[in-house]
Amino acid sequence: MNRPDKSGTNEPNLAQAATGSSLALVAKFASGLAVAIGFYGLDRRCAFANHAYLAMYATDEVADTLVGRHVSDVIGAESWASVGHHIDAAFLGEHVSYERGLNVGAVDERWLEVHLVPSRDAQRQLSGLLVFVNDISKRTVSDRLLEAAWSRLEQFSQASREGIAFYKDGVLVDCNEAMSTMLGRGRDDLIGRRVMEFFPKSDHEVAQRHIHLGRVAPYPAKLLRPDGSTLDVEINGRVVNWQSDTLHVASVQDMSQLNRVSESLLRSQARYRALVENATEAIVLSQGRRVTYANPAAAALFGRPVDELLGTRTVGLAHPLDREFVRESQRALPSPDHRYEVRVVCPPLADGHLGEIPAESTIKHVQISQALVDWDGSAAALIFLKDITVQRESEAALRKALAQEKELGELKTRFVSMASHEFRTPLATIQTASELLQHYSDRLTGDERDEAVGDIQQAVQRMQAMIDNFLTLGRMSVDEMRFSPSDVVIARALGQITSECAGADGQQHLVMLDVSPQVSMTQILRIDEVLLRLIVGNLLGNACKYSEVGSPVWLKVGRRETANADKGAAWLDLTVSDAGIGIPAQDMPRLFDAFHRASNIGQIRGTGLGLAIVKRAVDAHGGTIEVKSEVGRGSSFSVSLPWLSSI
């Protein structure tokens, strides 16, 4: 193996300090230094030599003082023959460094390192030559020992079946035959090339990092061969100190055959993993009743990354109300045809969570099947979860649609029954009045004609009111009516509704409005005024209809604070009371059904739609309605709507 070259030795700082200085300053500065220093004038005669320089060159032929002697006399004729050209170059202004031996082969063999530094005056004119001499005999002996060690290392590396490479500063210094075989190049062709040439460009960034770090731990890599092919290898790097320098040594193992076997195994694993990872069904592996594997479909089902699902209790994935059922299913021996349905909470609740389901959570319906498998030598449950939420929601929507269709059918039947009964009277009135006008108009007085026309108008208005109620209830039944709140001055709105109801009643009852001091006359609430009119108008209308003429009807308005955990929640309370005929207890359960009328109404006209409309309007607000009644003593309807202050 080739011995790595040493970089040039740094010159003593004195060479820089002395440049341009006077001879006296040089003598004062250098006299006590251990480095041998001499100064020669342009006549090439010694002008100064410190003690170390004098001790190095003083011989029997050279007097104990060197001052005044020519440089050729100082170093001797034999040395002049080998280094005289260096000295000539230095006197021409060139900075020269070289090594030379004294008494080579003898017991007192010595090696010197010489630096010749031209000296210049203040005008940058050449004024002489500074000579620095170091005795490097000990270093030379170390180099020889190192050379022997390097030879032994070369023999070892050439015998190794692993590739061995030596590099410095990213450049290959040497390698063994195994390394050159791997790279497909001769050893001489490899030495001096940059190490990065042996890696594909796609791996340069990673390789560069490892090369400069000199990693001890093995790392995989690819080596680029001259024909463009690559070789899979494993590299183990180490940084070593060599001749006071840093050298990188890398051992390279051919992994191509092992990798081929590993790749075949990985391909087999990848095929099975692809089946699981790309399955549309969620798949979860449960070991010790905790999730140890989940595929992407499971992560999508539960709305959590796979790593967050791992470690979750399997039963914790289920809805709290379904967990006991899941435990029983887990205890049973699963069979391929055994399937069951549960609800799951997405994202899953924390372990031990038994409270209410958070509002942001989603509840899904899943169909589960499971099988026992051996996993790493332990029993595990492979669980398949099929999301059937859409299917169940579609079924629920279909059931709702069927229920609505049934309700509409019942409404139509009731409407036909009601129309045949309730429309008969106004239609008879219209027919009688119109015949009077048609056949006896010339015999009727003006007042009698006006009365007949008035009867027709009242009958038409009554029929129009019944039709309006039916259409309103129909819109509510098919969810066409939406809750549309707006800013409403509540006291003023209720006053207007009360006045309108009293007018429609013909002032036959004393309709009174009682607003609590807790509700200011200017209080603005967010409320649906259309629905509010339906609620209050129908309740006041019924109170008048089923009470004796002249009896009072009350609308009381108040504000009620709640005492539950919802701090700050309040309600608008509306209470309509009368002293009318009351409602029998047996009619209470169906009181808010469309077209239902109490059994004690006698000949009082009505459609049975008013309270059904009231109930739906209250529900649209998110409110409640309660009724208290006693036959013969009157009824009281209490409506509570959320107190929503204006934004």
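Residues numbered from 1 in each chain as written. Predicted model: local features only at pLDDT ≥ 70, side-chain atom pairs only at ≥ 80, totals over all residues. Heavy atoms only, no water.

This model, assessed by the stated rule, comprises one aromatic pair. Between Phe-325 and Tyr-340 the ring centres are 5.5 Å apart and the planes differ by 85°, which places this aromatic pair in the edge-to-face class. Remark: Tyr-340 occurs in strand β13 (residues 340-346) and Phe-325 occurs in helix α13 (residues 323-331); sequence separation between them is 15 residues. Under the relative-accessibility criterion, Tyr-340 is labelled buried at 7%. Across from the ring centre of Trp-643, 4.8 Å away, lies the NZ or CZ of Arg-559, which sits over that ring. (Phe/Tyr/Trp six-rings, centres within 6.5 Å; stacked < 30°, edge-to-face > 60°. Helix = DSSP H or I, 4+ residues; strand = E, 2+ residues; numbered from the N terminus. Buried < 20%, exposed > 50% of the residue type's maximum accessible area, 1.4 Å probe, protein only. Lys NZ or Arg CZ within 6 Å of the ring centre and 35° of its normal.)

Spatially, the five strands line up as an open sheet ordered β12-β11-β15-β14-β13, and their pairing is antiparallel. The open sheet has two free edges, formed respectively by β12 (290-294) and β13, since each of these has just one partner strand. Sheet twist, expressed as the mean angle between neighbouring strand axes with direction ignored, is 40°. With five bridges joining them, strand β11 (residues 282-287) and strand β15 (residues 378-387) adopt antiparallel strand pairing. Following the sheet pairing, Ser-286 is matched in β15 by Ala-381. (Pairing = 2+ DSSP bridges. Axes fitted to C-alpha atoms, helices over the stretch in contact; angles between N-to-C directions.)

Take the sheet that holds strand β2 (residues 46-49) next. Spatial strand order, β2-β1-β5-β4-β3: five strands in an open sheet with antiparallel pairing. Since the sheet does not close on itself, it has two edges, and those belong to β2 and β3 (96-102), each with one partner. Taking each pair of neighbouring strands and ignoring which way they run, the sheet shows an average axis angle of 25°. Here strand β4 (residues 110-120) pairs with strand β5 (residues 126-135) via nine bridges, running antiparallel. In the sheet register, Val-117 faces β5, and the bridge partner there is Leu-130. Docked against the sheet, helix α5 (residues 77-91) engages β1 (36-40), β3, β4 and β5, running at close to 165° with respect to β3. (Contact = heavy atoms within 4.5 Å.)

Moving on, we come to the nonpolar core. By size, the foremost hydrophobic cluster in this structure holds 44 residues, and its most contacted members are Leu-532 and Leu-574. By residue number, the principal contributor to this core is helix α18 (residues 529-545), which donates nine residues. Once residues within four sequence positions are removed from consideration, Leu-532 is found in contact with Ile-490, Leu-494, Ile-497, Ile-527, Gly-537, Leu-574, His-621 and Leu-641. Judged by nonpolar contacts, the second largest core, of 24 residues, contains Tyr-57, Leu-66, Leu-129 and Val-133. (Core = buried A, V, L, I, M, F, W, Y, C linked by side-chain atoms within 4.5 Å.)

Below, the discussion takes up the packing of helix α17 (residues 490-504) against α18. The description of two helices packed together rests on the angle between their axes and the distance between the axes. The geometry of α17 relative to α18 is characterised by a closest axis approach of 10 Å and an angle of 45° between their N-to-C directions. Between α17 and α18, the crossing angle belongs to the class labelled oblique. For the crossing formed where α17 meets α18, the hand is right-handed. Residues Ile-490, Ala-493, Leu-494, Gln-496, Ile-497, Thr-498, Glu-500 and Cys-501 of α17 lie in contact with α18, whose contacting residues are Glu-529, Leu-532, Arg-533, Val-536, Gly-537 and Leu-540. (Parallel < 35°, antiparallel > 145°, perpendicular 65-115°, else oblique. Left-handed = near helix turned anticlockwise from the far one by under 90°.)

Secondary-structure assignment places Glu-277 in helix α10 (residues 256-277). Classification of Glu-277 as partly exposed rests on a relative accessible area of 24%. In this structure, the C-alpha to C-alpha distance between Glu-277 and Ala-294, residues 17 residues apart in sequence, is 8.9 Å. Apart from residues lying up to four places away in sequence, Glu-277 is in contact with Tyr-293, Asn-295 and Pro-296.

Bringing the pattern of salt bridges into the picture now. Under the definition given, this model contains 18 salt bridges. Of the charged contacts in the structure, one is a salt bridge between Arg-533 and Glu-500, with a shortest N-O distance of 2.7 Å. Linking Arg-533 in helix α18 with Glu-500 in helix α17, this pair joins segments that are 33 residues apart in sequence. Looking at Arg-533, the relative accessible area reads 29%, which means it is partly exposed. For the salt bridge of Lys-615 with Asp-619, the shortest nitrogen-to-oxygen distance reads 2.9 Å. Placement of the pair is Lys-615 and Asp-619 together in helix α19 (residues 610-621), with a separation of four residues, close to one helical turn. Take Lys-615: its relative accessible area is 27%, and that puts it in the partly exposed class. Connected via shared salt-bridge partners are Arg-185, Asp-189, Arg-193 and Glu-197. (Salt bridge = Lys/Arg side-chain N within 4 Å of Asp/Glu carboxyl O.)

Checked against the element boundaries, Asp-578 lands in strand β20 (residues 570-578). At 2.8 Å, the side chain of Asp-578 forms a polar contact with the backbone nitrogen of Gly-580. Setting aside anything within four residues of it in sequence, one finds Asp-578 in contact with Ala-543, Ser-547, Pro-552, Val-553, Arg-633, Gly-634 and Ser-635. (Polar contact = N/O pair within 3.5 Å; in protein donor to acceptor, adjacent residues only side chain to side chain.)

Next up on the list: the pairing of strand β21 (residues 624-630). One ladder, built from seven bridges, connects β21 with strand β22 (residues 634-642); its direction is antiparallel. Across the sheet, residue Lys-628 finds its bridge partner in β22, namely Ser-636. If you look at the hairpin formed by β21 and β22, you'll find three residues sitting between the two strands, and Gly-632 has a positive phi there, around 85°.

This part covers α17. The terminal C-alpha atoms of α17 lie 21 Å apart, and with 15 residues this matches the ideal 21 Å at 1.5 Å per residue to within 8%. Every buried residue of α17 is listed here: Ile-490, Ala-491, Ala-493, Leu-494, Ile-497, Thr-498, Cys-501 and Ala-502. For α17, the elements touching its buried residues are β16 (486-489), β17 (510-515), β18 (524-527), α18, β19 (552-561) and β20. Positive backbone phi, at 70°, marks Gly-506, one or two positions downstream of α17. (Expected span 1.5 Å × (residues − 1).)

Take the side chain of His-115 next. Looking at the secondary structure, you find His-115 in strand β4. Side-chain polar atoms of His-115 contact the side chain of Ser-97, separated by 2.7 Å.

Time to look at the confidence of the model for the protein. Fine structural detail should not be taken from predicted coordinates in areas where pLDDT scores are low. In the predicted model, the protein carries a mean pLDDT of 80, and the fraction of residues at 70 or more is 80%. Throughout residues 1-21 the model reports pLDDT below 50, and contacts reaching past four residues in sequence, or to other chains, amount to 48 contacts. (pLDDT = per-residue confidence, 0-100.)

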